[in-house]
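# Remarks on the overall topology
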Amino acid sequence: MSAVHASTILFRFKHFFIFILFILLLSFFSFLLPTNLEVFKGQTTEQFITDSLDNLPKVVLQSNSVVTTGRNNKCNYYNCFNVYRCGFGGSGHIHVYVYPLKKYVDAQGNDIGIPLSKEYFALLKAIVGSKYYTPHSEKACVFIPSIDTLNQNKINLKQTSQALAKLPFWNGGENHLLFNMIPGVMPDYNTVTDLAIGNAILAGAGFDSWTYRVGYDLSIPVFSPLAATIKLHSSSHQRPWLMISSQLNIHPDFTNELLNLASVHSNLYIMESCADPTRVNIRCHQNIPYNYPNVLKKAVFCLILRGARLGQTTLHDALAAGCIPIIVADTYVMPFSEVIDWKRAAIFVQEGNLNSVYDVMQKVSEERRVEMSQQVRWLYKRYFVSIEVMALTALDIINERVFPENMLFYEDWNIPSLIPGSRSPLFLPVTASRSMGFTAVILMYDRISSLFTLIQKLATVPSLSKILVIWNHQHKPPPLVSWPKIMKPLKVIQTPENKLSNRFYPYDEIETEAILSIDDDIVMMTNDELEFGFEVWREFPDRLVGFPSRLHVWDNVTGHWKYESEWTNNISMVLTGVSFYHKYWNYMYTKVLPKSVRDWVDDHMNCEDIAMNFLVANVTNKAPIKVTPRKKFKCPQCTSTEMLSADLSHMIERSHCIDRFTTEFGRMPLLSIEFRADPVLYKDNIPEKLKRFSNIGSL
């Protein structure tokens, strides 16, 4: 080997050794400096804030830096949010990048004092531990600074705005999310932070309708550390007071109005500060001290008034206490109002009508008070129990904006659970309106003759509004001619697949609240029977109202549920081969019913009516309504081999359905009753012309 070649090898080995040493040293120092994720997950909040702040990387802020002031008040989702950053990797949800924690110093290296509260550290820690977090900035859809902006009173506006502007991906605030609970300072107390946030999304706690950018900003509550001290052991404990006002330093006009009301009504308690105002957990009423916020558990209603700041910690305390908020702040944007229906949990009174608040409370029934209090407690546990939960809820809402196909339904955001005894989600009057009539939905496969006969008969029912034929045959198109000439609208919908669940799809063509679901071979029904069935549904609009009835029974021999179709006085189901129900149940069947149940129905071509009975009973905890004595349903034009129910295994399979659905629902929701709705004077021995529904079929 030549000397030149040997020296070349030695030179390359030397550089390779230096490179390896550099990598090892870099790894060693990287180990000493924990990653962002390790910082958040490896320490408690208190440990980090007290022990680790000095070890953070430093960022120098120049005192003469120029910062663009204010925020873009014209921002909305379509002009300020860069949606093209989202959807990385096809995960179906947003990715959120949390900036590494930094220490901010001036040109001389002195700490300029941008504090980090334990609440904000907990918020960041929750986000880093969530499904939304990504440590890769290039994959991020939303950026969250590790700069505490929760309380404007504790930060220097100029320095904090400079720190935000120096973030490497700031770009005028594009796709950045800031959290702020205490906006504005004396004497103006602005309802939005005075920081220079540019195009950033603001999750703020003091928004009014003038400063809130609808569909862009997020309204959150002012977090109250005292709320966690409230312990509710029983949802049914007595509340001796009707209303309590516990806010301090409210406007004198409000105070005078409330004192006047309290002087007349002894069950109104107006709390004021005690002799020692430094004790924040004490409120006094007529010089009697009460522990705050636990005193809120004594009242049914809690008054939330406009104060110097529009957002009040009292709201958070009231929610924790299960106390129904009465909101007296005309322009206040309620927390997460984009998805939460606050009318289910709170009462709103105009500021100018404060003197009528007692009359408003008196009109709320005892049943409604219990429901609202339960809703308040559920909202608190679901969305407001901690600052971490509030942060993740904010991300859930932003995620729905970016991926609307994954949006939750109103029921998911607002209805605690579809459990036994829960109130029906249909907020309908005692008797539904007759004016709109009903839509007849006919599931059709191949029985043209009986279908045409049925259409002609339905067209003569006075309350019929429209007929929809759901054509479930993919290989035989509906006929182009020879359809019956009727005076009511008729629409044929071709389905892409032959599924029984097509009967319960929420078609846009259904414009009435009432649906008559009817098979194409049910041609024996009279006008009076159908019209009377619709009248009965109007009085029970949240139930299934139908003609053929069935019963479920427990078989002690087999240890399973049995489907029973014998004649009996007991019923627990009405078949949707001819029944009335509210169109809401179509949405529930298609969107909320477990997919495993729908798949089983479509795979076996059976039991869709049993599934609908399970669904309605599970939500309402009510039994169906059977109408008139008719029990025989037979298609005179059909042969027995054409009918699904002619199969000998049909009854056995339907018993299996009940067993399977009981397992899927986690309980047996069906209820048995002995009840049947018949027309007035139906059996009375009087002339037929005096009876409104005379043509009712017999047994």
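The rules behind each value
Residues numbered from 1 in each chain as written. Predicted model: local features only at pLDDT ≥ 70, side-chain atom pairs only at ≥ 80, totals over all residues. Heavy atoms only, no water. Buried < 20%, exposed > 50% of the residue type's maximum accessible area, 1.4 Å probe, protein only. Helix = DSSP H or I, 4+ residues; strand = E, 2+ residues; numbered from the N terminus. Pairing = 2+ DSSP bridges. pLDDT = per-residue confidence, 0-100. Contact = heavy atoms within 4.5 Å. Expected span 1.5 Å × (residues − 1). Phe/Tyr/Trp six-rings, centres within 6.5 Å; stacked < 30°, edge-to-face > 60°. Lys NZ or Arg CZ within 6 Å of the ring centre and 35° of its normal. Salt bridge = Lys/Arg side-chain N within 4 Å of Asp/Glu carboxyl O. Lys, Arg positive; Asp, Glu negative; His and termini not counted. Polar contact = N/O pair within 3.5 Å; in protein donor to acceptor, adjacent residues only side chain to side chain. 1 Å grid on protein atoms, 1.4 Å probe; cavity = no way out; pocket = protein on both sides within 12 Å on 5 of 7 lines; lining within 4 Å. Points joined across faces, edges and corners; volume = space filled by probe spheres on them. Nonpolar A, V, L, I, M, F, W, Y, C, P; charged D, E, K, R; others polar. Disulfide = S-S within 2.5 Å.

Within strand S23 (residues 578-582), five of the five residues are buried, which leaves the element mostly enclosed by the surrounding structure. Neither face of S23 is open: one carries Val-578, Phe-580 and His-582, the other Ser-579 and Tyr-581, and all of them are buried. With five bridges joining them, strand S18 (residues 514-519) and S23 adopt antiparallel strand pairing. Each bridged residue has a counterpart across the sheet, and for Ser-517 the counterpart in S23 is Ser-579. With two bridges joining them, strand S19 (residues 545-546) and S23 adopt antiparallel strand pairing.

Turning our eyes to something else, we now look at the confidence of the model for the protein. Of all residues in the protein, 83% attain a pLDDT of 70 or more, and the chain-wide mean is 83. The least confident element of the protein is helix H1 (residues 3-32), whose mean pLDDT is 46; the most confident is strand S4 (residues 142-144), at 97. For the stretch residues 1-11, pLDDT sits under 50, and the model shows two contacts to residues farther than four places along the chain or on other chains.

Given a rise of 1.5 Å per residue, 19 residues ought to cover 27 Å, and the 26 Å separating the end C-alpha atoms of helix H9 (residues 366-384) matches this to within 8%. Arg-369, Glu-371, Met-372, Ser-373, Gln-375, Val-376, Arg-377, Trp-378, Leu-379, Tyr-380, Tyr-383 and Phe-384 are the residues of H9 that are buried.

We now examine the packing of aromatic side chains. Following the criterion strictly, the structure yields 29 aromatic pairs and no others. Ring geometry for Tyr-97 against Tyr-99: centres 5.5 Å apart, planes inclined by 75 degrees, an arrangement best described as edge-to-face. Each member of the pair, Tyr-97 as well as Tyr-99, is classed as buried. Between Phe-336 and Phe-384, the ring centres sit 5.6 Å apart and the planes meet at 10 degrees, which makes this aromatic pair stacked. Remark: Phe-384 occurs in helix H9 and Phe-336 occurs in the loop between strand S13 (324-328) and strand S14 (347-348); sequence separation between them is 48 residues. Taken as a pair, Phe-336 and Phe-384 share a single burial class, namely buried. Over the ring of Tyr-292 we find Arg-283, and its NZ or CZ is 4.0 Å from the ring centre.

Moving on, we come to the pattern of salt bridges. Counted according to the given criterion, the structure contains 18 salt bridges. Where Lys-595 meets Asp-599, a salt bridge forms, and the shortest distance between an N and an O atom there is 2.8 Å. Of the two residues, Lys-595 and Asp-599 both sit in helix H15 (residues 595-604), four residues apart, roughly one turn of that helix. Residue class for Lys-595 comes out exposed when judged on its relative accessible area of 53%. By relative accessible area, Asp-599 is classed as partly exposed at 30%.

This brings us to the side chain of Arg-239. Inspection of the secondary structure assignment puts Arg-239 in the loop between strand S7 (218-219) and strand S8 (241-245). Here Arg-239 occupies a buried position and makes no salt bridge, while the nearest side chain of opposite charge, Glu-366, is found at 8.9 Å. Of the polar contacts made by the side chain of Arg-239, one reaches the backbone oxygen of Lys-297; its length is 3.3 Å. A distance of 2.7 Å separates a polar side-chain atom of Arg-239 from the backbone oxygen of Ala-321.

All told, the structure shown has five cavities of 30 Å³ or more when counted by the stated rule. By volume, the largest cavity amounts to about 60 Å³. In terms of lining residues, the largest cavity is bounded by Leu-544, Ser-572, Asn-613, Val-616, Ala-617, Lys-622, Ala-623, Pro-624, Leu-670 and Leu-671. Classifying every residue of the lining of the largest cavity by side-chain character gives seven nonpolar, two polar and one charged. Looking at which element gives the most residues to the lining of the second largest cavity, the answer is helix H12 (residues 448-458), with three residues.

Per the stated rule, a full pass over the model turns up five disulfides. Sulfur-sulfur distance for the disulfide between Cys-274 and Cys-284 comes to 1.9 Å. When the S-S torsion is 115 degrees, as for the bridge of Cys-274 with Cys-284, the disulfide is right-handed. Highlighted residues: Cys-274 in the loop between strand S9 (268-270) and strand S10 (282-285) and Cys-284 in strand S10, separated in sequence by 10 residues. Taken individually, Cys-274 and Cys-284 each receive the classification buried, so the pair is uniform in this respect.

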